[in-house]
Number of protein chains: 4
Amino acid sequence: VAVCGSSVATDDELARAEEVGRLLAEAGAIVICGGLGGVMDATARGVTGAGGIVIGLLPGEDRLGASEHLTVALSTGMGETRNGLIVRAADAVIAIGGEWGTLSEIALAKRIGKRVVGLGTWELSRAGLAADGILKAKSPEEAVSLALEGG
Amino acid sequence: VAVCGSSVATDDELARAEEVGRLLAEAGAIVICGGLGGVMDATARGVTGAGGIVIGLLPGEDRLGASEHLTVALSTGMGETRNGLIVRAADAVIAIGGEWGTLSEIALAKRIGKRVVGLGTWELSRAGLAADGILKAKSPEEAVSLALEGG
Amino acid sequence: VAVCGSSVATDDELARAEEVGRLLAEAGAIVICGGLGGVMDATARGVTGAGGIVIGLLPGEDRLGASEHLTVALSTGMGETRNGLIVRAADAVIAIGGEWGTLSEIALAKRIGKRVVGLGTWELSRAGLAADGILKAKSPEEAVSLALEGG
Amino acid sequence: VAVCGSSVATDDELARAEEVGRLLAEAGAIVICGGLGGVMDATARGVTGAGGIVIGLLPGEDRLGASEHLTVALSTGMGETRNGLIVRAADAVIAIGGEWGTLSEIALAKRIGKRVVGLGTWELSRAGLAADGILKAKSPEEAVSLALEGG
């Protein structure tokens, strides 16, 4: 399961991310994230605190800026194009808050047919689109439950 | 300039894409697109019809499904992750209509600081976001003008 | 540390790969490989047998053909271009036997300044090149020792 | 056709690269290269001097260091991993001289079944490998002829 969110986040988003990380680890899921700060770091802290495995796919050529809570930090050297790798490698994506990078992960995940769960993230609309196809969760528990359902 | 849009598009979107392609070529801009059908094919037809150069960055490992109107068809073998390459290579992005793939290109382009012009594309909102930062165009002329302004 | 080698390998190469995996795990190193069969599978078996962590970066869009001994199987959907990711993510590369894919990993690793150790792999020469810059190991022990030295 | 070679090259290699570029353009082939200096720049000069089209796939996030002789300079932001894109996009590869980057392109091209022509490039050997499978050319004319034969 991939957890996506911005490096700049509110306290509430960080708390939710850590809780999502903890719940995923307890459910035995391996977690993938962007490996940097903010939501990514909080998620990693939640995962490793619960004894789980979390992989960070970093944008840079080295591990600069990597969260210290990752089990493994993998430098991709692909910049933001690495967002496509994060969602490709995951079975489901949980998006928490988020800025443009997170939106790109939501969109790429939907494009390649992955299950996407939103927790206080973007609202999307387009002419002719009845619903945006993102599963809306109200809590970390619901987000994790929705993400793992399809696994 | 990159022009993004879906392989499934309305007649109106196709007409606008061809017109955008023609105008970009007349302005001397090199056009980059996803290289397949629909909006991508119509854009390419507009560009080459006006004597311009249009590069298609294809998702597959070969040129299967490539528009016949491309100057050059480049297979990337990266699937939808190639969307990151399209916006990275461009100075500005024009999004026409579009489905999830187009949204991912809008988001990635905004994420890496590129100018994004929308022509009948997604409406986005997020708590705490005053405006979505996409320049809204009402016509192909306005879209091309907005895209080239920042060049 | 990345361990590279072909999916088609001799019994001797497979035995060496498993031993390299075991020694790396015992040294506490995280192992990265291409995630498929042959040398990759044998390495993964060695790592997990010794309680270590091994990540497979798969070429395909799904986990088809992945070794069952991986701690985490990450689909990249980038085909052989994923070889660049394997060496980018590693601090050192051990090449065992190997065909063209392995040679590409050796060359990419040298190109970006990574330490490369060869265990019965390619011999390279070029006009004007005094030595090929690959550290030659005679045994799995020596390969692991050379790879970790620079860490 | 892709032409590969190092940014640091001898006068003889540069003259051969320019001649290869010219001959490919005269044969109507579209040329792909790494877009930087040395062999890449000389090839591009040969192509555009003969009125052909040459695309440079640059490693960086912007066009810094791009040859001024390219028809189109595409920034990939993927570093040396872009070498995989160069050979994926081409039908055949001509390697001129070259350092590690060129060797990675030769190996990746062979790995994915592309025709590879060498012009004063690496000599490769491996236990159990009768021949290295690279077509050896003695002149730019022979290199271009061998590269286009399989088209």
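Residues numbered from 1 in each chain as written. Chains lettered and ligands numbered in written order. Predicted model: local features only at pLDDT ≥ 70, side-chain atom pairs only at ≥ 80, totals over all residues. Heavy atoms only, no water.

Trainee: Explain the overall build of chain A to me, please; I cannot follow it from the model alone.
Mentor: Across its full length, chain A carries five helices and eight strands. Along chain A, helices and strands appear, N-terminal first, in the series β-α-β-α-β-β-α-β-α-β-β-β-α. Against the compact-globule benchmark of 15 Å for 151 residues, chain A has a radius of gyration of 14 Å, which places it among compact chains. Seen along its three principal axes, the alpha-carbon backbone of chain A occupies a region of about 45 × 30 × 30 Å. Counting the 151 residues in chain A, one finds 61% classified as buried. For chain A, the proportion of contacts with a sequence separation of at least 24, taken over those separated by at least 6, is 55%. Of the roughly 5200 Å² of accessible surface on chain A, a fraction of 48% belongs to carbon and sulfur atoms. Of the side chains in chain A, 13 bear a positive and 19 a negative charge, and the two mean positions are spaced by 9 Å. (Helix = DSSP H or I, 4+ residues; strand = E, 2+ residues; numbered from the N terminus. Rg over C-alpha atoms; globule rule 2.2 N^0.38 Å. Buried < 20%, exposed > 50% of the residue type's maximum accessible area, 1.4 Å probe, protein only. Contact = heavy atoms within 4.5 Å. Areas by Shrake-Rupley, 256 points an atom, 1.4 Å probe, with all protein chains shown as cover. Lys, Arg positive; Asp, Glu negative; His and termini not counted. Charge placed at Lys NZ, Arg CZ, Asp CG, Glu CD.)

Trainee: Would you explain the relation of the copies chain A and chain B in this entry?
Mentor: Each of the two chain copies goes to the other by way of a rotation about an axis and a shift along it. For the pair chain A and chain B, the best superposition has an RMSD of 0.0 Å and corresponds to a rotation of 180 degrees with a translation of 0.0 Å parallel to the axis. Seen this way, the second copy is the image of the first under a two-fold rotation axis. In this assembly the copies share their binding face: 100% of the residues contributing to the interface of chain A also contribute to that of chain B. (Least-squares fit on C-alpha atoms with pLDDT ≥ 70 in both.)

Trainee: Honestly, the relation of the copies chain C and chain B in this entry has me stumped. Any pointers?
Mentor: Between chain C and chain B, the superposition needs a rotation of 180 degrees and an axial shift of 0.0 Å, giving an RMSD of 0.0 Å. Comparing contact sets, 100% of the residues at the interface of chain C also lie at the interface in chain B, consistent with an isologous, same-surface contact.

Trainee: Explain the pairing of strand β3 (residues 54-58) of chain A here, please?
Mentor: The two faces of a sheet get side chains in turn, since along a regular strand they alternate between them. All names here are of chain A. Across the five residues of β3, five count as buried, placing the element largely inside the fold. The side-chain alternation of β3 yields two buried faces, one formed by Val 54, Gly 56 and Leu 58 and the other by Ile 55 and Leu 57. As defined by bridge partners, strand β2 (residues 31-33) adjoins β3 across three bridges and the pair is classed as parallel. Bridge pairing in β3 links Ile 32 to Ile 55. This β-α-β element, β2 to helix α2 (residues 39-49) to β3, shows right-handed connectivity. In the sheet, β3 pairs with strand β4 (residues 72-75) via four bridges, with the strands oriented parallel. (Pairing = 2+ DSSP bridges. Right-handed = clockwise from strand over helix to strand, strands pointing away.)

Trainee: What is the right way to read the pattern of salt bridges from this model?
Mentor: Side chains that differ in charge, positive against negative, can pair when their charged atoms come close. For the structure shown, the criterion picks out 39 salt bridges over all chains. Where Glu19(B) meets Arg22(B), a salt bridge forms, and the shortest distance between an N and an O atom there is 2.8 Å. Of this pair, Glu19(B) and Arg22(B) both sit in helix α1 (residues 11-26), three residues apart, which is roughly one turn of the helix. Exposure remark for Arg22(B): the relative accessible area of 31% places this residue in the partly exposed category. Overlapping salt bridges bring together Glu18(A), Asp41(A) and Arg45(A) as one network. (Salt bridge = Lys/Arg side-chain N within 4 Å of Asp/Glu carboxyl O.)

Trainee: Help me understand the environment of Leu74(B) in this model?
Mentor: Inspection of the secondary structure assignment puts Leu74(B) in strand β4 (residues 72-75). With a relative accessible area of 2%, Leu74(B) lands in the buried category. The spatial distance from the C-alpha of Leu74(B) to the C-alpha of Ile55(B) is 7.4 Å, given a sequence separation of 19 residues. Excluding its chain neighbours within four sequence positions, the residues that come into contact with Leu74(B) are Ile55(B), Gly56(B), Leu57(B), Leu58(B), Ile32(D), Ile55(D), Leu57(D), Leu74(D) and Ala89(D).

Trainee: Just checking my understanding: could you explain the interface of chain A and chain B for this structure?
Mentor: Note on interface size: it is often stated as the accessible area lost on association of the parts. Taken together, the contact between chain A and chain B spans 26 residues of the former and 26 residues of the latter. Approximately 2300 Å² of surface area, both sides summed, lies buried where chain A meets chain B, with 69% of it carried by carbon and sulfur atoms. Sorting the residues of chain A by area buried against chain B places Glu80(A), Trp100(A) and Arg126(A) first, and these three jointly supply 30% of that buried surface. On the surface where chain A and chain B come into contact, there are two salt bridges. Across the salt bridge formed by Glu80(A) and Arg111(B), the nearest N and O atoms sit 3.2 Å from each other. Our enumeration of links across chain A and chain B arrives at two residue pairs in polar contact (both at pLDDT 80 or more). At the level of secondary structure, the elements contributing two or more residues to the side of chain A that touches chain B comprise α3 (82-89), α4 (100-111) and β7 (123-125) of chain A. The element that contributes the greatest number of residues to the side of chain A that touches chain B is α4(A), accounting for nine residues. When the residues that make up the side of chain A that touches chain B are grouped by side-chain class, the tally is twelve nonpolar, seven polar and seven charged. (Buried area = accessible area lost by both parts, 1.4 Å probe. Polar contact = N/O pair within 3.5 Å; in protein donor to acceptor, adjacent residues only side chain to side chain. Nonpolar A, V, L, I, M, F, W, Y, C, P; charged D, E, K, R; others polar.)

Trainee: Just checking my understanding: could you explain the interface of chain C and chain B for this structure?
Mentor: Listed per partner, the contact involves four residues of chain C and four residues of chain B. When chain C packs against chain B, the two sides together hide about 280 Å² of surface, and 49% of this comes from carbon and sulfur. Along the contact surface separating chain C from chain B lie zero salt bridges. Along the contact surface separating chain C from chain B lie zero residue pairs in polar contact (both at pLDDT 80 or more).

Trainee: Help me out: how do you make sense of the packing of aromatic side chains in this one?
Mentor: The description of an aromatic ring pair rests on the distance of the ring centres and on the angle between the ring planes. Residue and element names in this part refer to chain B. Scanning all chains against the criterion turns up four aromatic pairs over all chains. Pairing Trp 100 with Trp 122 gives two aromatic rings, centres 5.0 Å apart and planes at 45 degrees, and the pair type is tilted. In this pair, Trp 100 is assigned in helix α4 (residues 100-111) and Trp 122 in the loop between β6 (115-119) and β7 (123-125), connecting sequence segments 22 residues apart. Take Trp 100: its relative accessible area is 12%, and that puts it in the buried class. Taking the relative accessible area as the measure of exposure, Trp 122 reaches 0% and is therefore buried. (Phe/Tyr/Trp six-rings, centres within 6.5 Å; stacked < 30°, edge-to-face > 60°.)

Trainee: When you look at the confidence of the model for chain A in this model, what are you seeing that I'm missing?
Mentor: Caution is warranted with low-pLDDT regions, since their predicted coordinates should not be read in detail. With 95% of its residues at a pLDDT of 70 or more, chain A has an overall mean of 92. For this predicted complex, the interface score ipTM comes out at 0.91, while the overall pTM is 0.92. (pLDDT = per-residue confidence, 0-100.)

Trainee: I'm lost on the environment of Met78(A) in this one. Help?
Mentor: All names here are of chain A. Inspection of the secondary structure assignment puts Met 78 in the loop between β4 and α3. Among the residues examined, Met 78 registers a relative accessible area of 1% and is labelled buried. Between the C-alpha atoms of Met 78 and Lys 114, which are 36 residues apart in sequence, the distance is 22 Å.

Trainee: Looking at this structure, I do not really get the side chain of Thr102(B). What am I missing?
Mentor: All names here are of chain B. Looking at where Thr 102 falls in the secondary structure, it is placed in helix α4. Judged by its relative accessible area of 3%, Thr 102 falls in the buried class. Sequence-distant contacts of Thr 102, that is, excluding residues within four places in its chain, are made with Cys 4, Gly 5, Ser 6, Ala 95, Gly 97 and Thr 121.

Trainee: When you look at the packing of helix α1 (residues 11-26) of chain C against helix α5 (residues 140-149) of chain C in this model, what are you seeing that I'm missing?
Mentor: Residue and element names in this part refer to chain C. For the pair α1 and α5, interaxial distance at closest approach is 9 Å and the crossing angle is 45 degrees. Our classification of the angle between α1 and α5 gives oblique. The hand of the α1/α5 crossing is right-handed. The residues of α5 that touch α1, namely those facing Arg 16, Glu 19, Val 20, Leu 23 and Leu 24, are Pro 140, Glu 141, Val 144 and Leu 148. Of the residues contributing to the contact of α1 with α5, the split by class is six nonpolar, no polar and three charged. (Axes fitted to C-alpha atoms, helices over the stretch in contact; angles between N-to-C directions. Parallel < 35°, antiparallel > 145°, perpendicular 65-115°, else oblique. Left-handed = near helix turned anticlockwise from the far one by under 90°.)

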